[in-house]
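A look at the structure
Residues per chain are reported as follows:
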Amino acid sequence: MVGFIDKNHIIAVQNERGWDLPGGHLLPHESLTQSLAREVFEKTGVLFAHAKPFTVLSSNNASGIAIGFVSRSCQIQPIYQPVDDALAREILSIETMIERYFGDKT
């Protein structure tokens with residue numbers, strides 16, 4: 001699951017590998033939107049409402065897929081507690097996220 005704020009901005013997290021999209025795995029009892037809400041909140045402290053599927057991302061090098069969701073209704077909690085796989089959070093433009101993602105990998 002990944003969370004887009006709108007067509008131009010995305011919630012990003014910094015982990016030990018660099019900047020990435022917040023995400024995780026769908027649990028057996030969860031719907032896609034429940035999983036999105038849980039994973040994004042756990043990693044970023046952002047609450048989504050009325051999220052809708054936006055895109056499906058896949059790679060020949062990965063064993064799964066990522067489903068991107070978009071929401072124009074989100075609430076960013078002012079107090080953020082970093083977790084092991086999300087040391088920092090930022091809302092970035094798509095262009096900045098791409099620069100940071102690939103810049104961290106080179």
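Up top you'll find the structure we're talking about.
Reference entry: report on the structure contained in this document. Predicted model only: the values in this text are computed from it and were never measured.

1. A short note on helix H1 (residues 32–44)
- In a regular helix each residue adds 1.5 Å, so 13 residues correspond to 18 Å; H1 covers 18 Å between its end C-alpha atoms and thus fits that length.
- Just downstream of H1 lies Gly-45, where phi reads positive at about 75°.

2. Side note on the pattern of salt bridges
- Scanning all chains against the criterion turns up eight salt bridges.
- Between Glu-16 and Arg-17 there is a salt bridge, with the nearest N and O atoms lying 2.8 Å from each other.
- Judged by relative accessible area, Glu-16 falls into the exposed class, the value being 57%.
- Using a relative accessible area of 49% as the deciding quantity, one classes Arg-17 as partly exposed.
- For Asp-20, the salt bridge goes to Arg-17, with nearest N and O atoms at 3.7 Å.
- Through salt bridges that share partners, Glu-30, Arg-38, Glu-39, Glu-42, Lys-43 and Asp-85 make up one connected network.

3. So, the nonpolar core
- One finds Ile-11, Leu-36, Val-40, Val-46, Phe-48, Ala-51, Ile-67 and Phe-69 forming the largest nonpolar core, which totals eight residues.
- Those elements that place two or more of their residues in this core are H1, strand E4 (46–49) and strand E6 (65–70).
- With five residues, the next largest nonpolar core counts Ala-12, Trp-19, Leu-92 and Met-97 among its residues.

4. Some words on the environment of Glu-95
- By the element assignment, Glu-95 lies in helix H2 (residues 94–105).
- Of the residues examined, Glu-95 reaches a relative accessible area of 52% and is grouped as exposed.
- In this structure the C-alpha to C-alpha distance between Glu-95 and Phe-54, which are 41 residues apart in sequence, comes to 17 Å.

Conventions and cut-offs
- Residues numbered from 1 in each chain as written.
- Predicted model: local features only at pLDDT ≥ 70, side-chain atom pairs only at ≥ 80, totals over all residues.
- Heavy atoms only, no water.
- Helix = DSSP H or I, 4+ residues; strand = E, 2+ residues; numbered from the N terminus.
- Expected span 1.5 Å × (residues − 1).
- Salt bridge = Lys/Arg side-chain N within 4 Å of Asp/Glu carboxyl O.
- Buried < 20%, exposed > 50% of the residue type's maximum accessible area, 1.4 Å probe, protein only.
- Core = buried A, V, L, I, M, F, W, Y, C linked by side-chain atoms within 4.5 Å.

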